[in-house]
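Architecture at a glance
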Amino acid sequence: MNTLAAIRPDSWNFPLLLHILGAAVLVGAVLTAVVTTLTAERTAQPDVMRRIAFRSLWMVGVPAYVVMRIGAEWIYSKEFGDAEDDPAWIGIGYMTADIGLLIFLIALGLAGFAARRKSAGLGKASGYLGVLLLIAFVVVIWAMGAKPD
Amino acid sequence: MELNDWILALHLLAAFALIAAEVAFSIMIAALWRSDSPSRVASTMLLARVGAILVGVGMAGTIVFGIWLAISLDAYQLWDGWVIAALVLWAIGGFVGQQSGQGYQAGGELAEKLAAEGTTSSPELAEIFGTSRAFWFHIATGVVVVLILVDMIWKPGA
C-alpha cells in the first residue's frame, strides 16, 4: 500500500487533497457543533452556542461534505474506474459517507430548530448525533489509512 | 494488516485531529469576530480547551508516527527532501500555532475575569478578537497546515 502511495500518479494528488481537506474540515465543523451544543447549557450564553453549532454545520460542514465527496468520486474514478470489485475500505468509506450524510442532515435540521426555538433538548439531540458522526469518522479515517482488505 | 498500516492510520487520525482543531479555532474566531462581550467570549472557552487538547494529540501523533513510518518503510528515508520539509513545517506550525494560542488564551482569560466581575463590554476584547497579532498567527498556522498536507500528498522528490 505504501509502495503504491509512493508511485501514485501525480494526477491523483489534487483530487486526494480535495478529499482529505474536505473530510478534515467536515470533522472540525461537526466537532465544533458537538462541543457547542452539548456544553451550551453550562455557559452564560446558550443561545449563542446553539447558533454557532448550526452555522458550523451549515456554513462549514455542508460545503466541506460537498468538497470531500467530489474529491472522493474524482479519485475513485481514477483509481478504481475499471475495477469490478472494490476493496473493503472503499465500501466502509461509501457507507459512512452515505449514512453519515443522512445523520448529518438530521443533526443540521435539529441544530437549526434548536437555534431558532432556543431549545436545549433539540440542541442536545443534534449534539448526540454529532458524537455518532465523530465515531463513524474515526472508523473511516482508520480504514482510509490502514486500508483493510 | 501489518503494524505499519496501523501506524499510518494513527498518523492520519492525528493529522485529522490537528486540522479539526484548526477548523474549530477558525469557527470560534469567526463567531467572536470583534466581539466586545466578555460573557460571549467566555462561553466559547470550553471549545478552545477541547481544541487545545486536540492540537496536543495531533502534534504529538503526527511527529511520532510520521518519524516511525519514515524509519520503518523502505520507500522513505528521514533525510528525503519532503520529509525534512514536513519536519520544518511541523516546527514552524507549532511555533506560530503556539503564538496564536497564547494570544487568544489571554483574551479568554480576560473575558472570564471580566464576565465574573459583571463587565458587559470590553474594547480590549474586541481588539484581540479582531485583526490582532493572534489572528495573523492563526492565519499563518492554517497556511502551514495546508502546506504540510500538500507536501504529504505530493511527496516532492520521492
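Residues numbered from 1 in each chain as written. Chains lettered and ligands numbered in written order. Predicted model: local features only at pLDDT ≥ 70, side-chain atom pairs only at ≥ 80, totals over all residues. Heavy atoms only, no water.

1. Comments concerning the pattern of salt bridges
One side chain can pair with another of opposite charge once the charged atoms of both are near each other. What counts here: The rule for a salt bridge is simple: a side-chain nitrogen of Lys or Arg has to be within 4 Å of a carboxyl oxygen of Asp or Glu. The numbering of helices and of strands both runs from the N terminus, where a helix is a DSSP run of H or I of at least 4 residues and a strand a run of E of at least 2.
In this structure the tally under the stated criterion is 7 salt bridges over all chains. Here Lys118(A) ties to Asp47(A) by a salt bridge, and the two come within 4.0 Å at their closest N and O atoms. Of the two residues, Lys118(A) is situated in the loop between α4 (88–117) and α5 (120–146) and Asp47(A) in helix α3 (residues 46–80); the sequence distance between them amounts to 71 residues. Put simply, Arg49(B) and Glu112(B) hold a salt bridge, and the shortest N to O gap is 2.9 Å. Here the residue Arg49(B) occupies a position in helix α3 (residues 45–72), and Glu112(B) occupies one in helix α4 (residues 81–117), the gap between them amounting to 63 residues. Through salt bridges with shared partners, a single ionic network connects Glu41(A), Asp47(A), Arg50(A) and Lys118(A).

2. What to know about the interface of chain A and chain B
For clarity, the cut-off: Two residues qualify as a contact provided that any one of their heavy atoms is within 4.5 Å of a heavy atom in the partner residue. Put simply, buried area is how much 1.4 Å-probe accessible surface two parts lose in total, over both of them, once they are put together. Distance and chemistry together define a polar contact, namely a pair of N or O atoms within 3.5 Å, with one atom able to donate a hydrogen and the other to accept it when in protein, and with adjacent residues in sequence counting only for side-chain atoms on both sides.
Across the contact, 39 residues belong to chain A and 32 residues belong to chain B. Carbon and sulfur atoms supply 79% of the area buried between chain A and chain B, which totals about 3,200 Å² over both sides. Put simply, chain A and chain B have 0 salt bridges between them. Counting across the interface, chain A meets chain B through 2 residue pairs in polar contact (both at pLDDT 80 or more). Only α1 (2–6), α2 (13–39), α3 and α5 of chain A provide two or more residues apiece to the side of chain A that touches chain B. Of all the elements, α2(A) adds the most residues to the side of chain A that touches chain B, at 17 residues.

3. A look at empty space enclosed by the protein
Residues and elements named next belong to chain A. Going by this rule: Detection works on a 1 Å grid of protein atoms alone, calling trapped sets that fit a 1.4 Å probe cavities and calling open sets with protein on both sides within 12 Å along at least five of seven lines pockets, with lining residues defined by an atom within 4 Å of a point. Grid points are joined across faces, edges and corners, and a volume is the space filled by probe spheres set on the points.
A complete count under the given rule lists 1 cavity of 30 Å³ or more for this structure. Here the largest cavity is characterised by a volume of approximately 50 Å³. Lining the largest cavity are Val30, Ala33, Val34, Thr37, Leu57, Phe104, Ala107, Ser126, Gly127, Gly130 and Leu133. Listing elements by their share of the lining of the largest cavity, those giving two or more residues are α2, α4 and α5.

4. Things to note about α5(A)
To keep it simple, the criterion reads: What a helix should span is 1.5 Å times the count of its residues minus one. Burial status follows relative accessibility: with a 1.4 Å probe on protein chains alone, a residue under 20% of its type maximum counts as buried, one over 50% as exposed, and anything between as partly exposed.
Look at α5(A): 39 Å from first C-alpha to last across 27 residues, which is about the 39 Å you get at 1.5 Å a residue. Those residues of α5(A) not exposed but buried are Gly123(A), Ser126(A), Gly127(A), Gly130(A), Leu133(A), Leu134(A), Phe137(A), Val140(A), Ile141(A), Ala143(A), Gly145(A) and Ala146(A). Summarising the contacts, the buried residues of α5(A) are in contact with α2, α3 and α4 of chain A together with α1 (3–31) of chain B. For α5(A), the side-chain oxygen to backbone nitrogen distance between the N-cap and Gly121(A) is 3.5 Å, and the N-cap itself is Ser119(A). Phi turns positive, to about 45°, at Lys147(A), one or two residues after α5(A).

5. Topic: a nonpolar patch on the surface
Here is the rule we go by: To count toward a patch, a residue needs a relative accessible area over 30% and no salt bridge; like charges are then connected within 9 Å, while nonpolar side chains (Val, Leu, Ile, Met, Phe, Trp, Tyr) are connected within 5 Å. Computed by Shrake-Rupley with a 1.4 Å probe, the accessible areas treat only the displayed protein chains as cover when residues are assessed.
Judged by side-chain polarity, Phe14(A), Val66(A), Ile70(A), Trp74(A) and Trp154(B) come together as a nonpolar surface patch covering roughly 450 Å² of accessible area. If you tally residues by element for the nonpolar patch, the top one is α3(A), at 3 residues. You can see Ile70(A) is positioned in helix α3.

6. Comments concerning the confidence of the model for chain A
If pLDDT is low for a region, its predicted coordinates should not be looked at in detail. Rule in force here: Known as pLDDT, the predictor's confidence for each residue is given on a scale from 0 to 100.
Looking at chain A as a whole, its pLDDT mean stands at 92, while 95% of the residues score no less than 70. α1(A) is the least confidently modelled element of chain A, averaging 48 in pLDDT, while α2(A) averages 97, the highest of any element.

7. Observations concerning the layout of surface pockets
Where we set the bar: Basically, the charged four are Asp, Glu, Lys and Arg, the nonpolar ten are Ala, Val, Leu, Ile, Met, Phe, Trp, Tyr, Cys and Pro, and anything else, Gly included, counts as polar.
Space inside the second largest pocket adds up to approximately 260 Å³. Around the second largest pocket, the lining is made up of 14 residues, and of these Val27(A), Leu31(A), Leu134(A), Val138(A) and Leu54(B) lie nearest the centre. Listing elements by their share of the lining of the second largest pocket, those giving two or more residues are α2 and α5 of chain A together with α1 of chain B. The element best represented in the lining of the second largest pocket is α5(A), accounting for 6 residues. Grouping the amino acids of the lining of the second largest pocket by side-chain chemistry returns 14 nonpolar, no polar and no charged.

8. Looking at the side chain of Arg69(A)
Residue and element names in this part refer to chain A. Along the chain, Arg69 falls in helix α3. Arg69 sits in the buried class, given a relative accessible area of 19%. In this structure the side chain of Arg69 is engaged in a polar contact, spanning 2.9 Å, whose partner is the side chain of Asp98.

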